[in-house]
Each structure stands twice: as C-alpha cells, then as structure tokens.
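# Coordinate inspection notes
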Amino acid sequence: MESLNQTSANRFILLGLTSTPYLQALCVLMFLIMYLVTIAGNLILIIVVGTSVQLQTPMYFFLFNLSIIDICFSSTIVPKLLIKTVAQDKSVSLLGCALQMFFHLALGAAECFILSVMAYDRYAAICRPLHYYKVMNKKVCICLASGSWAFSFINSVMHVVFTFQLPFCRSNHINHFFCEVPPFLYISCRDTWFNEVAMYISASLIGIGSFSLTLTSYVYIVFTIINMCSTEGRMKAFSTCGSHLTVVSLYYGAVLFMYLHPHSDYFPETSKIMSLIYTVVTPMLNPIIYSMRNEEVKSSIKNKLMVQMGKTF
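Note that this is a predicted model, so its numbers are computed, not measured.

## Quick word on the state of the cysteines
- Applying the stated criterion across every chain yields a total of one disulfide.
- Here Cys97 engages in a disulfide with Cys179; their sulfurs sit 1.7 Å apart. On the S-S bond that ties Cys97 to Cys179, the torsion sits near -95 degrees, and the link is left-handed. With Cys97 in helix α4 (residues 94-127) and Cys179 in the loop between β3 (173-174) and α7 (181-187), this residue pair connects regions lying 82 residues apart in the sequence. For the pair Cys97 and Cys179, one class covers both residues: buried.
- Here Cys143 is not cross-linked by a disulfide; its sulfur's nearest cysteine counterpart is in Cys141, at 9.4 Å.

## Description of the packing of aromatic side chains
- Per the stated rule, a full pass over the model turns up 19 aromatic pairs.
- Pairing Tyr251 with Tyr252 gives two aromatic rings, centres 6.0 Å apart and planes at 75 degrees, and the pair type is edge-to-face. Tyr252 matches Tyr251 in its accessibility class, with the two residues each being buried.
- Counting every residue linked through ring pairs, the aromatic cluster contains Phe73, Phe211, Tyr251, Tyr252 and Tyr278.

## Here we look at the UniProt feature "transmembrane region" (unreviewed entry) in the protein
- Here, UniProt's "transmembrane region" (unreviewed entry) annotation points to residues 22-48, 60-78, 98-120, 140-162, 200-226, 238-261 and 273-292.
- Taken end to end, residues 98-120 comprises 100% helix and 0% strand; its first and last C-alpha atoms sit 33 Å apart.

## Section: the packing of helix α3 (residues 58-86) against helix α6 (residues 138-164)
- The contact between α3 and α6 brings their axes to 10 Å, and the two run at 20 degrees. By the angle class used here, α3 and α6 are roughly parallel. Read as a crossing pair, α3 and α6 show a hand that is right-handed. Only Cys141, Ile142, Leu144, Ala145 and Trp149 of α6 make contact with α3, whose side of the interface consists of Pro58, Phe61, Phe62, Asn65, Ile68 and Ile69.
- Of the residues assigned to the contact of α3 with α6, the class counts are ten nonpolar, one polar and no charged.

## Considerations on the side chain of Thr279
- Counting through the fold element by element, Thr279 comes out in helix α10 (residues 268-292).
- Using a relative accessible area of 0% as the deciding quantity, one classes Thr279 as buried.
- Only 2.5 Å separates the side chain of Thr279 from the backbone oxygen of Ser275, close enough to count as a polar contact.
- Contact partners of Thr279, with chain neighbours within four places excluded, come to Phe73, Ser74, Ile77, His104, Phe177 and Phe178.

## A short note on the packing of α4 against helix α8 (residues 193-226)
- Remark: α4 packs on α8, axes separated minimally by 9 Å, with the N-to-C direction vectors making an angle of 20 degrees. On the basis of the axis angle, α4 is roughly parallel to α8. The handedness of the crossing between α4 and α8 comes out as left-handed. Contacts from Ala109, Cys112, Phe113, Leu115, Ser116, Ala119, Tyr120, Arg122, Tyr123, Ile126 and Cys127 in α4 reach Ile206, Ser210, Thr214, Ser217, Tyr218, Tyr220, Ile221, Thr224 and Ile225 in α8.
- For the contact of α4 with α8, a count of residues per class yields 14 nonpolar, five polar and one charged.

## A look at the side chain of Ser217
- Relative to the elements of secondary structure, Ser217 occurs in helix α8.
- Judged by relative accessible area, which is 7%, Ser217 ranks as buried.
- Within polar-contact distance, the side chain of Ser217 engages the backbone oxygen of Leu213 at 2.9 Å.
- If near-sequence neighbours (up to four positions away) are discounted, Ser217 is found in contact with Ala119, Tyr120 and Tyr123.

## Re the pairing of strand β1 (residues 11-14)
- A one-sided burial pattern is seen for β1, the buried positions being Phe12 and Leu14 and the unburied ones Arg11 and Ile13.
- Examined bridge by bridge, β1 and strand β2 (residues 91-93) share three bridges and lie antiparallel to one another. Bridge pairing in β2 links Phe12 to Val92.

Reading the values: rules and limits
Residues numbered from 1 in each chain as written. Predicted model: local features only at pLDDT ≥ 70, side-chain atom pairs only at ≥ 80, totals over all residues. Heavy atoms only, no water. Disulfide = S-S within 2.5 Å. Helix = DSSP H or I, 4+ residues; strand = E, 2+ residues; numbered from the N terminus. Buried < 20%, exposed > 50% of the residue type's maximum accessible area, 1.4 Å probe, protein only. Phe/Tyr/Trp six-rings, centres within 6.5 Å; stacked < 30°, edge-to-face > 60°. UniProt positions renumbered as here; feature names shortened; annotations may be inferred. Axes fitted to C-alpha atoms, helices over the stretch in contact; angles between N-to-C directions. Parallel < 35°, antiparallel > 145°, perpendicular 65-115°, else oblique. Left-handed = near helix turned anticlockwise from the far one by under 90°. Contact = heavy atoms within 4.5 Å. Nonpolar A, V, L, I, M, F, W, Y, C, P; charged D, E, K, R; others polar. Polar contact = N/O pair within 3.5 Å; in protein donor to acceptor, adjacent residues only side chain to side chain. Pairing = 2+ DSSP bridges.

Structure below.
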C-alpha cells in the first residue's frame, strides 16, 4: 500500500478514451481535425475582430475574449489527449497533471463568466438601446472581462490545492482522458466531503449563477422582442441572440452535469462524453456559430479576403 501510494503521488496513468487500436486511430484523426478547426476558426475571429473598425463594439470585445479562451481551453486538453492516445507511456507527472487541471478549471470558469457577460451585453443592446454605450462603456467592458479572468484563476488555484492535498492510495490509474477533479476524488482513500462541498459551492456560484444571469437577461430580451412593432426588428434581434443561446445550451448543460452530480454516482464513460462536449466540441463550434450566423462577422471576413486577394494579384 505504501509503495502504491508513493507511485500515485509521483505519476498518474491516464486510461484515455478507449484501449481498442482502431478506435484509438479514429479518435486521433477526429480530434486532430476538430482541434485544427478550433484553432483556425478562433484565430480568424480574433484577427477579424481585432482589425475591423466596424467590429470595435462591446459585443465583439467579449467575443474576442471568448475566442482566446477557446484556443487556450482546447490547447490545454487536445494535444495531450492526442499524444497519450498513440504513446506507449500513458503516465503524466503530478506537476503536469496539476497544471492541466489548473488551466482547465480557470478557462472553464472564465468561459462561464464571459458567456453571462455576453448575455448582459445583448440585454443592454436590445432592452436599453438608447443607453447602450453608456451602460457598456469601455471601462465597464474592461472591468467585466478582467474580473472574469481574475476570479476564474483564483477559483482554479483553490481547487487544485484542495485536490492534490488528498492521498491517492486506491490507484494511480485515472479513468479519464485528462486531469479533471471528479476522477481524482474517486481514487482518493480519504473522505472527500470537504472537496465535494467546495466543488458544489463553486459550481453553484459560477455555473448556476452565470447560467441564471444569462437566463434572466434572455427573459427580458424575449419580452422586449415580443413587444417590438417591426417584424424585421424581431427577426434581427432573435438572429443576434440565437448564436449565443446555442453556445450557452451546449456548454452549461455539459459543465453542470459534470460538476453537480453526486460523487457516488460517478460514471466514467458518461463523464468522458460530457467532458468532450465542453472541452473539445464547444470551442470548435463557437467560431463557426458566430461567423455563420452573424452578418457583420461574415461581411468583415469577406472584406479581409478581398483585400488579401487584391494584394496578391
């Protein structure tokens, strides 16, 4: 037991998504494509938003932040997943695991905050259009974004410290594809009540809190849209909010399931699927949804392409 505990304290074995060879090859191909699409799509949005004069508005400032989060979020998980899937050595050091958990938790919380801030931005734009630029001025936007990042990293530090203070004597094998908190609670030989309570409180404040603020914003938005006289105005408002609602539904559904279900009901395969949705799928879909459903973004991308083609010829 002492030897196992020492091994567990130094390195962990990530069991990954599957042990079947042909499924491993399929996973590598699929996730490599998804990762490349994520990086390319979000980089395009960052460049377009950062260089287009017509996109220098609060909405696109937060979209810029969301794209940075998605690139970092996906890069924290997917490259390591691809390497560990094909490598013989599935182990990861304690430091490597702690760093991956830290950035995963911080970026996940930051995405929750930014999505809720984007909902408030849409509320201000649709429900208080005459006061929009007063309510969402530059100082407010910077404070909201920087506050989101700061609270996310503070929360992450707390959970990483709490998690790695536990003794892991049951096993050093993690039935997951990256270092996430729930699987570590499962292999601990100490009562994890304190960690679970801290996790539930954090998930409630960040996840449910952000989700509630988002829903509240959209309740006001829907009532405002219903009372609009112009059909064209209603369609434009729904189109503007539709992309954000799609992202919110995908992301919050998976995150809340992962961090709010009881530790005793931990099911590895289901947890892997939920984790894949919010760490791999959502970061890939965000730029596609926003660029495909947003005329201003599509117009800016076309203009950039035309300028580049003009320079080429």
